Amino acid sequence: MSKLTTWLACGLVALAPAAGGAVLDRLLGTTALFTLAGCALGALYLVGTFGATTPVFGRVARVRGEPGRLALTFDDGPDPEFTPQISRQLAERGHRATFFVLGSRAREHPQVLRQIVADGHELASHGFDHGLLAFSLPRQVRAQLRTTEHAVVAATASPPVHLFRAPHGVRSPWLGRTVARAGYRLCGWTGRIFDTANPGVSTIVERARRQLRPGATLLLHDADGSGHGDDRRQTVEALPAILDEADRLGLRSVWLSSLLEPPALSVLDLEPLGSRGDSGRTHVGRAPQSGDGEPFASEEQQAQAHSD
Ligand SMILES: [Zn+2]
């Protein structure tokens, strides 16, 4: 389902309760009572669907406000041109980041994934093909997670850290539960930079600067998830100034997984991602492995991953 079709379908779903309410009001002779209730329900649906960090459709993973720490995150990669530049810049400045990769791109550019890991960053999942999940069935969501996990394992011999960020942050009422039962944690952000619009290097820097604080999760992009091939040169060029400002504020970017509060879900609630071909490994309840970006890993482990 395309982006436009999804937006339209979501609008229709949101309108449906209001329309139903209007019919009820007419049948029962009530004065807009059910229409207003339907409008409220529709509005709630839209907030839950598009409010990536709202608790309407379930909470996203919570970040601890740790002094001097924040998480720079990059979505939609890997890109053979821009991702290595971003990864290298961060590593050289002593910052660690979380790359929410697409499985389809990971298959195309496994060497870039290996460089991300070698540079000390962690890999997380952004789904396979950047398809919007507003109407995806649980089995389709699981397939997105599974195929992406396979692509990362094929490239790096380790699964991604079990964090998932939905494309555009769009959710369905069941997405959070489906992701959690597959052993992944749904992630949002605190600061959206909108660098995909290529607004200019100085604008990207300024937007990021306003968001830099302890516990912040900044959403940036190292590639183009739309498939239009937009370049991320501006993001690459903005990064030094963003890191300068972070340094000035005494902030260091670390793995997002290391800033998250522990999950509430019991391991008993987990569902396997798939039978055959699945790595069979989840990060929940599993011992850390070298280069694996284990959730809740210490900074020493992050430093060790970098030095490996
Ligand atoms: Zn994306």
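The preceding data block contains the structure.
Residues numbered from 1 in each chain as written. Predicted model: local features only at pLDDT ≥ 70, side-chain atom pairs only at ≥ 80, totals over all residues.

J.: Help me understand helix H3 (residues 82-92) in this model?
T.: Along an α-helix, residues three or four positions apart point the same way, because every turn accommodates 3.6 residues. Within H3, the full set of buried residues consists of Phe82, Thr83, Pro84, Ile86, Ser87 and Leu90. Within two residues after H3, Gly94 carries a phi angle of roughly 80°, on the positive side. (Buried ≥ 20, exposed ≤ 12 C-beta atoms within 10 Å, placed from the backbone. Helix = DSSP H or I, 4+ residues; strand = E, 2+ residues; numbered from the N terminus.)

J.: For this particular structure, what's the right way to read the environment of Asp222?
T.: As for its placement among the helices and strands, Asp222 is situated in the loop between strand E7 (217-221) and helix H9 (233-248). Classification of Asp222 as buried rests on a count of 30 C-beta atoms within 10 Å. Once the C-alpha coordinates of Asp222 and Ile86 are considered, the two residues, 136 residues apart in sequence, prove to be 7.3 Å apart. Sequence-distant contacts of Asp222, that is, excluding residues within four places in its chain, are made with Phe74, Asp76, Gly77, Asp79, Phe82, Thr83, Ile86, Phe99, Arg232 and Thr235. (Contact = placed C-beta atoms within 7 Å.)

J.: Is there a simple way to think about helix H8 (residues 201-211) in this case?
T.: Among the residues of H8, those classed as buried are Ile204, Val205 and Ala208. Down the axis of H8, the buried side of the element spans an arc of 95°, and every buried residue falls inside it. Looking at H8, the residues exposed on the side facing more than 90 degrees away from the buried face are Ser202 and Arg210. Against E7 and H9 lie the buried residues of H8. (Arc of directions from axis to C-beta.)

J.: I tried to follow the packing of H3 against H9 on my own but got confused; where do I start?
T.: For any two helices packed against each other, the geometry comes down to the angle between their axes and how far apart the axes lie. Two numbers describe how H3 lies on H9: the axes approach to 9 Å, and their chain directions differ by 5°. Judged by the inter-axis angle, H3 sits roughly parallel to H9. Across from Phe82, Gln85, Ile86 and Gln89 in H3, the residues of H9 making contact are Val236, Leu239 and Pro240. Tallied by class, the residues present in the contact of H3 with H9 amount to five nonpolar, two polar and no charged. (Axes fitted to C-alpha atoms, helices over the stretch in contact; angles between N-to-C directions. Parallel < 35°, antiparallel > 145°, perpendicular 65-115°, else oblique. Nonpolar A, V, L, I, M, F, W, Y, C, P; charged D, E, K, R; others polar.)

J.: Help me out: how do you make sense of the pairing of strand E1 (residues 69-75) in this one?
T.: Residues in a regular strand point their side chains to alternate faces of the sheet. Most of E1 sits inside the fold, with six of its seven residues counted as buried. Where E1 and E7 come together, five bridges link them in parallel fashion. Bridge pairing links Asp75 to His221 in E7. In this sheet, strand E2 (residues 97-101) lies alongside E1 in parallel orientation, the contact comprising four bridges. Its bridge partner being in E2, Asp75 is matched across the sheet by Phe100. One crossover worth recording links E1 to the parallel E2 by way of H3, and it is right-handed. (Pairing = 2+ DSSP bridges. Right-handed = clockwise from strand over helix to strand, strands pointing away.)

J.: Help me understand the pairing of E7 in this model?
T.: Within E7, five of the five residues are buried, which leaves the element mostly enclosed by the surrounding structure. Both faces of E7 are covered, namely the face carrying Thr217, Leu219 and His221 and the face carrying Leu218 and Leu220. Where strand E6 (residues 191-192) and E7 come together, two bridges link them in parallel fashion. Paired with Gly191 across the two strands is Leu218, which belongs to E7.

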